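Listed below, chain by chain, are the residues.
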Amino acid sequence: MTIREILKMGDARLLRIAQPVTTFDTDELHVLISDMFYTMQSVNGAGLAAPQIGIDLQVVIFGSDQINLRYPNAPVVPRTVLLNPVITPLSVEEDSDWEGCLSVPGLRGVVPRFSHIRYTGFDQYGDPIDRTVEGFHARVVQHECDHLIGKLYPMRIRDFGQFGYTEVLFPGLDVNADD
Ligand code: NI
């Protein structure tokens, strides 16, 4: 497994519309996904999208089956590999909460997201995924899938009074990551 370089905001590769995966269960795909988990875990990320490591494919991973050190108060989200995702909001209701991003290190912002969503797609073997989720799980999915359409969370911020440096906003936060 290899830790891949995570692209930072400003890199044009983060702004592309990612291509769908057309062939599942290939060695190349399994290597990509294991590298993505290794990369995400090395920085205690809550999720990672393939475009963040320069791969132009509709692949996101998220979750960990254990408490995330960057979001210690967040509910556990199951470890998930999601390809070619489609998100359907189940109501117009939104929640606003703090987000960070491995491509936007050192910063956090309050982002509105749909509270309840259904998401569908496939795992790396081509088996279908179909889940209805809410809250933090729904937020993580929306954040990661935004990376597949060239959106970084600052593009979703409505109140820039709630955007700033993590170390200033949350001086006591015990995170052993660089953002
Ligand atoms: Ni992100």
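Since we're looking at a predicted model, the values are computed, not measured. (Residues numbered from 1 in each chain as written. Predicted model: local features only at pLDDT ≥ 70, side-chain atom pairs only at ≥ 80, totals over all residues. Heavy atoms only, no water.)

Notes on the overall build of the chain
Working step 1: A tally of regular secondary structure across the chain gives 3 helices and 8 strands.
Working step 2: Along the chain, from the amino end to the carboxyl end, the secondary structure elements read α-β-β-β-β-β-β-β-α-β-α.
Working step 3: In terms of overall dimensions, the chain has C-alpha extents of about 45 × 40 × 30 Å along its principal axes.
Working step 4: Here the chain holds 179 residues, and the buried ones make up 47% of them.
Working step 5: Partitioning the contacts of the chain with sequence separation of at least 6, the portion at a separation of at least 24 is 68%. (Helix = DSSP H or I, 4+ residues; strand = E, 2+ residues; numbered from the N terminus. Buried < 20%, exposed > 50% of the residue type's maximum accessible area, 1.4 Å probe, protein only. Contact = heavy atoms within 4.5 Å.)

Section: the coordination of the nickel ion
Working step 1: Distances from the nickel ion to its protein donors, Cys101 (SG), His143 (NE2) and His147 (NE2), fall at 2.1 to 2.3 Å.
Working step 2: We note that the donor set of the nickel ion lies within a single chain, spaced as C-x41-H-x3-H. In this pair, cysteine 101 is assigned in the loop between β4 (94–99) and β5 (107–114) and histidine 147 in the loop between α2 (135–146) and β8 (163–165), connecting sequence segments 46 residues apart.
Working step 3: Since its relative accessible area comes to 1%, histidine 147 is described here as buried. (Donors = N, O, S within 2.8 Å, 3.2 Å for Na, K, Ca; no water.)

Some points on the nonpolar core
Working step 1: Counting residues in each nonpolar core, the largest one holds 17 residues, and the members touching the most others are Leu29, Ile33, Met36, Leu48, Val59, Ile61 and Leu83.
Working step 2: Secondary-structure elements contributing two or more residues to this core are α1 (27–42), β2 (59–62) and β3 (80–89).
Working step 3: Take this core: its biggest share by element is 6 residues, from α1.
Working step 4: Among all residues touching isoleucine 61, those that are not within four sequence positions of it are Ile33, Met36, Phe37, Met40, Gly47, Leu48, Thr80, Val81 and Glu144. (Core = buried A, V, L, I, M, F, W, Y, C linked by side-chain atoms within 4.5 Å.)

What is shown is where atoms sit, not what they do.
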